[in-house]
Amino acid sequence: MCVTLSPSQEHSIETPHGLLHVTLHGTSNTRRPAILTFHDVGLDSKSCFSPLFKFEEMQEIVKNFTLVHIDAPGQEEGATAYPMGYQYPSMEQIAEMIPAVLTYFNFRTVIGIGVGSGSYILSRFTVSMAHPDSVEGLVLINMDPETRGWMDWAAQKITTLTSSITEQILSHLFSQEEMSANADLVRSHRDRISKAPNLINIELFWRSYNSRRDLIIDRNSNFKCPVMLVVGDQAPHEEAAVECNSKLDPTTTSFLKPSKLTEAFKYFIQGMGYMASSIMTRLSRSRTASLSSSYSMDGERQRSRTLSQSSQGGQMPPSPSHTMEVSC
């Protein structure tokens, strides 16, 4: 069941690298961190996150936290197309635009949720030495911290010559298995992207993402906050997310292939000490509140991280695999 979010406030915020379109739900409450989101390429904040936060199970979060949705430059709904030759900011420069948003709303700290390219941007902001304490927690969905290797680079070059921008972006958002299993959803995204008035802006964001630098991850440094890595079954970036997980501190990192993202996110929030007395759903009370994930590579590496504990044992029921669109 979905509900209606509180009225939104839209803002255009000046940053060192241009304007950012930001949408805020709720009021600026400095007692708790704001929840700050950043969408993936081919999406905007509305198409990426509205379904998630309208879900009934997320209303405890919505009522207790301010939501701040950032659109990458020129990606918001109704954005004017950039002129030919426009110099689009790099991924690093987009990350450098985020502090202006915190200053504008007077937010001391945030909990970040990023998807795809948005997870890279939020990670880049978080590891910046200039803002080591601004992020209290990170949820990184379909994270790929590294640039393409030579083989992937060559394959991308061929794809660029033979496929439209729309098809290139769809292959980033969906694996072949997901495309086959979600034909209607893929068709909807294809129509939306191909007919977008700001398609040139989307292409510029896509090229900027593909030109990103490697995000060097080391478990002894980088992230100073709890991190929840989320990757969908059969997602295009599953291997990259697993590799990223192997490099992070296992005592502060959760790796999740979700049976229910809404439940996992609530436990993540509670694990940071917020909403400790909130009432969990019937499913949570009757079953375990433990969501764990493990993996092995070459039979040698195995890792598991429990998000939360429960007074009752048992296992969360498995769910069919589906694309990691944050609307579950």
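Just above, that's the structure.
Described in the following lines is the structure provided in the data block. Everything quoted here is computed from the prediction, not taken from an experiment.

Thresholds applied
In this convention, every chain numbers its residues from 1, walking through the sequence in written order. Note on the predicted model: pLDDT of at least 70 is required for a residue's local features to be given, and 80 or more for side-chain atom pairs to be given and counted; whole-chain, interface and lining totals, by contrast, use all residues. Neither water nor hydrogens contribute to the side-chain values; these are computed over all heavy atoms in the structure. The way it works is that DSSP assigns letters per residue, a run of H or I at least four long becomes a helix, a run of E at least two long becomes a strand, and they are numbered from the N terminus. Working definition: with a 1.4 Å probe on protein chains only, accessible area under 20% of the residue-type maximum means buried, over 50% means exposed, and in between means partly exposed. Residue contacts follow a heavy-atom distance rule, with two residues in contact if any of their heavy atoms lie within 4.5 Å. Calculation of accessible area relied on Shrake-Rupley with a 1.4 Å probe; when residues are assessed, cover is drawn exclusively from the protein chains displayed. Between any two strands, at least two bridges found by DSSP are needed for them to pair. Where helices are involved, their axes are fitted lines through C-alpha atoms of the stretch in contact, as for all axes, and angles between N-to-C directions lie from 0 to 180°. Salt-bridge detection follows one rule: a side-chain nitrogen of Lys or Arg within 4 Å of a carboxyl oxygen of Asp or Glu. Side-chain rings of Phe, Tyr and Trp (the six-membered ring for Trp) are treated as a pair once their centres are within 6.5 Å; stacked means planes under 30 degrees apart, edge-to-face means over 60, and tilted covers the remaining angles. Put simply, a charge is over a ring when the Lys NZ or the Arg CZ is close to the ring centre, within 6 Å, and near the line of the ring normal, within 35 degrees.

## Some points on the overall build of the protein
Inference 1: Of regular secondary structure, the protein possesses 13 helices and 10 strands.
Inference 2: Counting every position in the protein, which comprises 328 residues, the buried fraction comes to 52%.
Inference 3: The long-range fraction of contacts in the protein, counting pairs at least 24 apart against all pairs at least 6 apart in sequence, stands at 78%.
Inference 4: Accessible surface, the protein as shown: approximately 15600 Å² in total, 50% of it carbon and sulfur.

## Observations regarding the sheet that holds strand S3 (residues 34-38)
Inference 1: Taken together, eight strands build an open sheet; the order of strands is S1-S2-S4-S3-S5-S6-S7-S8 and the sheet is mixed. Since the sheet does not close on itself, it has two edges, and those belong to strand S1 (8-15) and strand S8 (253-256), each with one partner. Strand-to-strand twist across the sheet, computed as the mean angle between neighbouring axes with direction ignored, equals 20°.
Inference 2: As paired elements, S1 and strand S2 (residues 18-25) share eight bridges and run antiparallel to each other. Each residue of the ladder has a partner; that of Glu14, found in S2, is Leu19.
Inference 3: Lying over the sheet, helix H11 (residues 238-247) contacts strand S7 (227-230) and S8, oriented at roughly 160° with respect to S8.

## Some words on the pattern of salt bridges
Inference 1: Per the counting criterion, the structure on display carries 10 salt bridges.
Inference 2: The shortest N-O distance in the salt bridge between Glu77 and Lys46 comes to 3.5 Å. One end of the pair, Glu77, is in the loop between strand S4 (67-71) and helix H3 (91-95); the other, Lys46, is in helix H1 (residues 45-54), and 31 residues separate them in sequence.
Inference 3: The exposure class of Glu77 is exposed, given its relative accessible area of 59%.
Inference 4: A salt bridge links Glu167 to Arg190; its shortest N-O distance comes to 2.7 Å.

## Let's talk about the packing of aromatic side chains
Inference 1: Following the criterion strictly, the structure yields six aromatic pairs and no others.
Inference 2: Ring centres of Tyr82 and Tyr88 lie 6.1 Å apart, and the angle between their planes is 65°; on these two criteria the pair is classed as edge-to-face. Neither residue differs from the other here; Tyr82 and Tyr88 are each classed as buried.
Inference 3: Residues Tyr88 and Phe205 carry aromatic rings whose centres are separated by 6.2 Å and whose planes lie at 45° to one another, so their mutual orientation is tilted. Here the residue Tyr88 occupies a position in the loop between S4 and H3, and Phe205 occupies one in helix H10 (residues 199-210), the gap between them amounting to 117 residues. Each member of the pair Tyr88 and Phe205 is classed as buried.
Inference 4: Members of the aromatic cluster, joined through ring pairs, are Tyr82, Tyr86, Tyr88 and Phe205.
Inference 5: The side chain of Arg32 reaches across the aromatic face of Phe65, ending 5.4 Å from its centre.
Inference 6: The ring of Tyr209 carries Arg212 above its face, with NZ or CZ at 4.0 Å from the centroid.

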